[in-house]
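# Tertiary structure, described
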Amino acid sequence: MSEAFAQANGLDPGDTLGAVINGRWQRLRIVGIALSPEYVYEIRGTDLFPDNKRFGVLWMSRDALGAAFDMEGAFNDVSLSLAPGAPDAMEAEVIARLDRLLEPYGGLSAYGRREQISHRFLSDEIAQNRVFGIVLPSIFLGVAAFLIHIVLSRLVGTQREQIAVLKAFGYGNLAIGGHYVRFAVVAVLAGAAVGTGIGLWWGRVVGELYAQFYRFPVRRFDAGPGAVLLAVLVSAGAAVLGALGAARRASALPPAEAMQPEPPASFRPGLIERLGLTRFFSLTSRIIVRDLERRPYKALVSTMGIALAVVILVVGHYFEDAVRHIAEVQFRNVQRDDVTIVFNDPRPARAVYEVAYLPGVLRSEPFRTVPARLRHEHRTRRIALFGLAPEGELRRLVGQDLRTIEVPSDGMVLTTRLAEILGVAPGDRLTVEVLEGKRPVRAVTVAGLVDELVGLSAYMDVRALNRLMSEGGTVSGSFLLVDPPVAPHLYSVLKRLPAVGGVSFRKAALAGFEETLATGRLSRIELHEGDPVGRGMVLARLTPVPIDARTLAQDRARLDAAQAEKRAADARVERARAALEQAQREHQRADELSSRGLKSPQEREQTELVEATYAKELEAAVFAAQAAAFQVDAARAALLAAGSVTQGADAAPGGPARSTFITVQSPIRGRVLRVLQESERVVTTALPSWSSAILPCSRSSWTSSPPMR
Amino acid sequence: MVFFGEGTESGASGTEAGAVLRARGLTKVYHMGSVDVHALRSVNLELYRGEFVVLLGPSGSGKSTLLNILGGLDVPTSGTVYFFDHDLTTADDRELTRFRREHMGFVFQFYNLIPSLTARENVALVTEISDHPLDPDDSLRLVGLGERLDHFPSQLSGGEQQRVPIARAISKRPDVLLCDEPASPSPPPGGSCRFPNGLSRASTRSTSGGDCTSRRDGGMRFS
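To start, this report covers the structure provided alongside it. In this text, all values refer to a predicted model and were calculated from it rather than measured experimentally.

Of the regular secondary structure elements, chain A holds 17 helices and 19 strands. When burial is assessed residue by residue, chain A has 34% of its 709 residues classed as buried. Long-range contacts, defined as pairs at least 24 residues apart, comprise 72% of the intrachain contacts of chain A with a sequence gap of at least 6. Taken as a whole, chain A presents about 41400 Å² of accessible surface, with 59% of it coming from carbon and sulfur.

Right, here's the structure in full:
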């Protein structure tokens, strides 16, 4: 099982979980947790963010899986590695030949490593980091160089007489200039020492973060002396560049200047004088304008420096806003469903109506996806062709202006980016090579474009897509609008439906989902990785979430019922005991009579049997009474947790009852390996808050509750 | 202008060939915008070994300009300056720097001390690049600052600050010592000042001295 999924669900080797395999509900036992380069970024193809709780990867031996599908020896996914040193062009050739080879077997067309989703996410991330690694330091270094320039220029200005004296006594220009460059270099060395320290620390933190996010098997941050040296050299280069101007000024200062104070700066009539606007400026404004005009270069560089600083701010906020905007548009305007279900295989349209009758489903809109290759002239692109319900509400085409575009009843709508890649415009005809079923090849008109924020997609009316596929009303899945309180129940039903291959919950549903599952608020965990813990030590405290009046009433009723049940059970025990005693007496008498020959041995055995039966009955009644006692305890505990029942001295008369902590104690002595949830928050059943501890013998789970069923 | 010295060697020989500094037709014109200001107009001058010369003139009469040109700090608009037989007017920046380092000592109107260096270090800054300097401690003792060697300029009184540049100038044992109003900002009370001692003693090491001042009374009396 993939690590992320196992951790998100608190599963460990040895645990079991259920899965629908080939339409049958089967129990699987976890034998190991693993990582795969294919899933460093564990995400379903259509999702924006990984959802490790609901999407994971399971690996089984091909034999076992083949047997489960009655397809021993078959395969449906193959990875190839090209010979080392093979040219890039070779990849396209291999793909083309592979496609030809696999086409008769229903091959869905091969793709290169660049299009592999984990590889793409990871390499995009690396590329983005590279850009950040160049752009941000450049801006910072630019600002630093500018600051050094300003500071040293001021310094040269104030030290001009000292400079001149040194020159008068025979210090050369190089020595004087070098002196000021050294100023900058000292600043760089000090900055580099601090920066290297912070950089190494931060690099490690970020590396660790990446390793965790992408589940890299190895966490190693390596910044060799070469990297540090390069960073110092680049910084020194920028600083020296900033210092050069000042150094040049210092060395150009004529030594005779020392003989007299600095002459007043030379001013000439400037722009406002030439334009005759002098009288519109106050005296103090004239100072500002003329000062700026006297040193236009300096004013320009100052402006540039400030501009760059603003750039940093804007860029930082831009990324934050952009992600938020995309998420908002995506979840509010585009994907408005709470739940998306995907069937294992395309189903007849009536499946949608069946889905609509599932508990909590308010609305169901079918969709059809078909893997296809779009071809226009020499350009091709493999995509999933989306067939949407006409006048659908749950999945809409929304452009950047947030206007909704209707799916035309005929033809295809492409995202702008995809149209660019294929070089098509509305009105052009595309060749669609379907990579499923009978693999029809059709020409379709581009009916319109939509500039969606994410992804490359092609959309059609689901009926038009059905026509293109020469099939009746067929659907691949359905978008659902769900009544939030019923979502957990729906989820458990969907998980067991053999026809449903995948379920993904959207944010709104998720929130309700988590809320309903919530069992308590986890206080902040003060333990850190590596901390030793002793047996019985309190690891965490859970404060039960407040319970509403209805639940409270239910809990009270449950307690009453349990108490009544217990009384009944106790009564049954008494009755059974009395019956047994009666049977024992009968048996004794029968023994006596039998020994005197007054009763037949057969009759004696009869009483023996009756006694044994009553003994068993008493035993059962005692167990039942014990069970009822447990029920009473459980019902009382539930109320206790809700804070409505208080005991003895804890009771606060008149006031609200004191709430009770549920403490989670360490079952063994060991060491904390990982804290999964440090901050205070509401936790749900089966959400692990700590991971395993190092034990003398083996790994053991410390989760606060049993693993998810 | 007075040349000052022992007079035992070639001093006061009166021959042109023996002149340490010889200026011919020195002219310096400053272009102040559209106006040309003639600071010097055809100055001829010879300074001999061992002489002590005081240059007197009203403010703006070109005293500092002349000293700058003689000291190799500035170049004339026209005319020639010879240091022995070296033509300073044709020397480039680098040669002038070397000339100043090897032969010239200056005491400026403003003290121009490096505030972040002690008195001793301020002097050492000059002796470090000289060939046969005095020990900075000795030169400071000569001007009566033997007790203030490790004081920073801000810790010295005005009069003491004034004497550090003198120690600095004599410590390198220059061939020519040029002083531009060395005592003008705060003249020490007449008579019993210790800097003349320093000067006169330094001068015994065969130094030519030039002093320019705008004081009509000849500046200060030397004991």
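We now examine the overall build of chain B. Regarding its fold elements, chain B presents six helices and eight strands. Just so you have it, chain B exposes about 10500 Å², and 49% of that area is on carbon and sulfur atoms.

The next subject is the interface of chain B and chain A. Of the residues lining the interface, 25 residues belong to chain B; the matching set on chain A comes to 17 residues. Across the contact surface, chain B and chain A share zero salt bridges. The interface formed by chain B and chain A includes four residue pairs in polar contact (both at pLDDT 80 or more). A per-element tally of the side of chain B that touches chain A places helix H2 (residues 93-103) of chain B first, with four residues.

Moving on, we come to the packing of aromatic side chains. Centre distance and the angle of the planes are the two values used to describe a pair of aromatic rings. A full pass over the atoms with the stated rule returns eleven aromatic pairs over all chains. Ring plane angle 80 degrees and centroid distance 6.2 Å describe the contact between Phe169 of chain A and Phe106 of chain B, whose orientation is recorded as edge-to-face. With Phe169 of chain A in the loop between helix H5 (160-168) and helix H6 (173-213) and Phe106 of chain B in strand S6 (residues 104-107), this residue pair bridges two chains. Phe106 of chain B shares its class with Phe169 of chain A; the two are buried. Residues Tyr318 of chain A and Phe319 of chain A carry aromatic rings whose centres are separated by 5.5 Å and whose planes lie at 70 degrees to one another, so their mutual orientation is edge-to-face. Classification of Phe319 of chain A as partly exposed rests on a relative accessible area of 37%.

A separate point is the side chain of Thr127 of chain B. Residues and elements named next belong to chain B. Inspection of the secondary structure puts Thr127 in helix H3 (residues 119-127). Residue Thr127 is classed as buried on the basis of its relative accessible area, which comes to 10%. Polar contacts involving the side chain of Thr127 include one to the main-chain carbonyl oxygen of Ala124, which spans 3.1 Å. Beyond its immediate sequence surroundings of up to four residues, Thr127 is in contact with Pro133, Leu134, Pro136 and Ser171.

We now examine a nonpolar patch on the surface. Residues and elements named next belong to chain A. A cluster of nonpolar side chains, namely Ile306, Val310, Leu313, Val314, Tyr318 and Phe319, defines an oily patch on the protein surface of about 600 Å² accessible area. Here Val314 lies in helix H10 (residues 296-334). Take Val314: its relative accessible area is 48%, and that puts it in the partly exposed class.

Residues and elements named next belong to chain B. Strand order in the open sheet formed by four strands is S2-S1-S4-S5, with antiparallel pairing between adjacent strands. The strands lining the two open edges of the sheet, one partner per strand, are strand S2 (35-48) and strand S5 (86-87). In terms of strand pairing, strand S1 (residues 19-32) meets strand S4 (residues 78-83) through five bridges, oriented antiparallel. The residue bridging Ala23 from the neighbouring strand is Val81, located in S4.

Before going further, it helps to spend a moment on unusual backbone geometry. Even without being glycine, Leu402 of chain A reaches a positive phi, approximately 65 degrees. On the secondary structure map, Leu402 of chain A appears in the loop between strand S6 (397-398) and strand S7 (404-405). A relative accessible area of 39% places Leu402 of chain A in the partly exposed class. In this structure, Arg173 of chain B is a non-glycine residue whose phi angle is positive, near 50 degrees.

Its 15 residues place the ends of helix H3 (residues 88-102) of chain A 22 Å apart at the C-alpha level, agreeing with the 21 Å of an ideal helix rising 1.5 Å per residue. Buried residues along H3 of chain A sit in contact with strand S4 (361-376) of chain A.

All names here are of chain A. As paired elements, strand S1 (residues 16-21) and strand S2 (residues 24-29) share six bridges and run antiparallel to each other. Across the sheet, residue Leu17 finds its bridge partner in S2, namely Leu28. Taken together, S1 and the strand that follows it, S2, pair antiparallel across an intervening segment of two residues, in which Asn22 is found at a positive phi of about 50 degrees.

Further remarks concern the nonpolar core. Grouped together as the largest cluster of nonpolar side chains are 48 residues, with contacts concentrated most on Leu21, Leu70 and Phe106 of chain B. Excluding residues within four positions of it along the chain, Leu70 of chain B makes contact with Leu21, Ala23, Leu45, Leu47, Val81, Leu88, Phe99, Met104 and Leu178 of chain B. Listed in part, the 22 residues of the second largest apolar core include Leu374, Met460, Leu465 and Met469 of chain A.

Residue and element names in this part refer to chain A. Applying the stated criterion across every chain, the model contains 32 salt bridges over all chains. Salt-bridge contacts for Arg375 lead to Glu433; the nearest nitrogen and oxygen are separated by 2.6 Å. With Arg375 in strand S4 and Glu433 in strand S9 (residues 429-434), this pair connects stretches of sequence that are 58 residues apart. When its relative accessible area of 15% is taken as the criterion, Glu433 is described as buried. One salt bridge in this structure joins Glu619 and Lys616, with 3.8 Å as the shortest N-O distance. Highlighted residues: Glu619 and Lys616, both in helix H17 (residues 601-642), separated by three residues, approximately one helical turn. Residue class for Glu619 comes out partly exposed when judged on its relative accessible area of 40%.

All names here are of chain A. Checked against the element boundaries, Ala309 lands in helix H10. In this structure Ala309 comes out as partly exposed when scored by relative accessible area, which is 35%. Along the chain, Ala309 and Val143 lie 166 residues apart, while their C-alpha atoms are 7.3 Å from each other.

What follows covers the environment of Ala265 of chain A. All names here are of chain A. One can find Ala265 in the loop between helix H7 (225-252) and helix H8 (271-274). Under the relative-accessibility criterion, Ala265 is labelled partly exposed at 37%. Along the chain, Ala265 and Asp291 lie 26 residues apart, while their C-alpha atoms are 9.8 Å from each other.

Here we take up the environment of Glu393 of chain A. All names here are of chain A. Structurally, the position occupied by Glu393 is in the loop between strand S5 (379-388) and S6. Note on Glu393: relative accessible area 36%, which makes it partly exposed. Along the sequence, Glu393 and Gln335 sit 58 residues apart, while their C-alpha atoms lie 9.1 Å from each other. In this structure, Glu393 is in contact with Arg336, Arg363 and Glu365, ignoring residues within four places of it in sequence. Polar side-chain contacts of Glu393 include one of 2.9 Å to the side chain of Arg336.

Attention shifts here to H10 of chain A. Of all the residues in H10 of chain A, the buried ones are Ala299, Gly305, Ala322, Ala327, Val329, Gln330, Asn333 and Val334 of chain A. At its buried positions, H10 of chain A is contacted by helix H4 (117-158), helix H9 (283-294) and S6 of chain A.

Cut-offs applied
- Residues numbered from 1 in each chain as written.
- Chains lettered and ligands numbered in written order.
- Predicted model: local features only at pLDDT ≥ 70, side-chain atom pairs only at ≥ 80, totals over all residues.
- Heavy atoms only, no water.
- Helix = DSSP H or I, 4+ residues; strand = E, 2+ residues; numbered from the N terminus.
- Buried < 20%, exposed > 50% of the residue type's maximum accessible area, 1.4 Å probe, protein only.
- Contact = heavy atoms within 4.5 Å.
- Areas by Shrake-Rupley, 256 points an atom, 1.4 Å probe, with all protein chains shown as cover.
- Salt bridge = Lys/Arg side-chain N within 4 Å of Asp/Glu carboxyl O.
- Polar contact = N/O pair within 3.5 Å; in protein donor to acceptor, adjacent residues only side chain to side chain.
- Phe/Tyr/Trp six-rings, centres within 6.5 Å; stacked < 30°, edge-to-face > 60°.
- Patch = residues over 30% accessible without salt bridge, like charges linked within 9 Å, V, L, I, M, F, W, Y side chains within 5 Å.
- Pairing = 2+ DSSP bridges.
- Expected span 1.5 Å × (residues − 1).
- Core = buried A, V, L, I, M, F, W, Y, C linked by side-chain atoms within 4.5 Å.

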